[in-house]
Amino acid sequence: MSAISETVSGEGPELYRLASLQRTRGEHTVLDIGGRKVGGESFALIAGPCTVESREQTIETARAVRDAGATMLRGGAYKPRTSPYAFQGLGQEGLRLLAEAKAQTGLPVVTELIDLGDIEAVLEVADVVQVGARNMQNYPLLAEVGRAGKPVLLKRGLSSTLDELLMAAEYILKEGNGDVMLCERGIRTFESSYRFTLDLMAVPVLKERSHLPVIVDPSHAAGRRDLVTPLSLAAAAVGADGLIVEVHPDPDAAICDGPQQLRADEFAEYTQAVERAAALSGKVLAGREPVLA
Ligand code: PEP
Ligand code: MN
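Throughout, residues of each chain are indexed from 1 in the direction in which the sequence is written. Numbering of ligands from 1 and lettering of chains from A proceed in the order in which they are written. Given that this is a predicted model, residues contribute local features only at a pLDDT of at least 70 and side-chain atom pairs are listed and counted only at 80 or more, while totals for whole chains, interfaces and linings are drawn from all residues. Hydrogens and water molecules were not included; the side-chain quantities draw on all heavy atoms of the structure.

**Looking at the coordination of the manganese ion (ligand 2)**
Put simply, the rule reads: Note on donors: an N, O or S atom is included if it sits within 2.8 Å of the metal, or within 3.2 Å for Na, K and Ca, and water is never included, so sites can look incomplete. By definition, any uninterrupted DSSP run of H or I lasting at least four residues is a helix, any uninterrupted run of E lasting at least two residues is a strand, and each is numbered from the N terminus.
The coordination sphere of the manganese ion (ligand 2) contains the protein donors Cys 50 (SG), His 220 (NE2), Glu 246 (OE) and Asp 257 (OD), at a distance range of 2.0 to 2.4 Å. Sequence positions of the donors to the manganese ion (ligand 2) reduce to the motif C-x169-H-x25-E-x10-D. Here Glu 246 is found in strand S10 (residues 242–248), whereas its partner Asp 257 is found in the loop between S10 and strand S11 (262–263), with 11 residues between them in sequence.

**What to know about helix H2 (residues 55–68)**
Think of an α-helix as 3.6 residues a turn; residues three or four steps apart then line up on the same face. Note the threshold: To estimate how far a helix should extend, the number of its residues minus one is multiplied by 1.5 Å. We call a residue buried when its accessible area falls under 20% of the maximum for its residue type, exposed when it is over 50%, and partly exposed in between, using a 1.4 Å probe and counting protein chains only. Contact between two residues is taken to exist if any of their heavy atoms lie within 4.5 Å; hydrogens are not considered.
Compared with an ideal rise of 1.5 Å per residue, which puts 14 residues at 20 Å, H2 spans 20 Å between its outermost C-alpha atoms and is within 8% of the ideal. For H2, the complete set of buried residues consists of Gln 57, Thr 58, Ile 59, Thr 61, Ala 62, Val 65 and Ala 68. Of the surrounding elements, those touching the buried residues of H2 are strand S3 (42–48), strand S4 (72–74), helix H3 (92–105), S10 and helix H10 (267–280). Of the residues flanking the end of H2, it is Gly 69, one or two places downstream, whose phi is positive at about 115 degrees.

**Overview of the environment of Arg 224**
For the record, the criterion: Under this definition, polar contacts are N or O atom pairs within 3.5 Å; protein pairs additionally need one hydrogen-donor-capable and one acceptor-capable atom, and for neighbouring residues in sequence, both atoms have to be side-chain atoms.
With respect to the secondary-structure elements, Arg 224 resides in the loop between helix H8 (218–222) and helix H9 (225–237). For the pair formed by Arg 224 and Asp 32, sequence separation is 192 residues and the distance between their alpha carbons is 31 Å. Not counting residues within four places of it along the chain, the set of residues in contact with Arg 224 comprises Pro 259 and Gln 260. Within the local environment of Arg 224, its side chain forms a polar contact with the side chain of Asp 226, the two groups lying 2.8 Å apart.

Encoded structure:
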């Protein structure tokens, strides 16, 4: 069949046939990231700093989130910053520190790839490659990440529809990589009282359209620490398969996103609250015993 006769137009599952729930006849996919399940009854808690700043900050955060029950470590070595004058990440040194944090805690690492020129270095350290909101429609990047075969956390673009997110995921799946998590991280709306609008309806609607696990990022949506816990609980209760959340030992001194990062010494309390909310939708923090809602 020629490529042109494969061309389809319109809307809906035909445009994201591999990501669609019909593809798996209504079965939701459960991923296995270094032994941590994501999806089904398993709730993923991905936690760590916005960016890797130093050895001490990275290791201290990794230990704190691991001890509290996080299932994966997040941390950016390459940062997509709105201003070209803002800190752009430690790059290779940041990746090295993430590898050290993983060796010390056993937590799988989630880190962002921005530039295809860094793909080999990122793949060496990442257990999950994050494609950020600003790159959701960078189709050559999506295809390359698809060919790389590593699990991917794909964030929804700032002004993207759910169909556009699913078609972006399709670019990865089409290359033979089925390990994709979708991530709602807040969208731009007319509302200016907070940074972005966390679209929690996206969770049940994505799960109705697609078999892929859905993760929620309350940190970047809110931009404010005090909103992160209530939004996390709502996300868990509405059926998300996990959260990705920013944590720092001293947020006031953080190089980026300080106001939204949870304090590392308060993270255990946060985790307990999240576990109770996840239990409302029948989910258990990966690797933990069920708790009563
Ligand atoms: C991040 O998670 O570090 C990040 C930059 O998020 P987003 O792409 O959602 O803005
Ligand atoms: Mn951040």
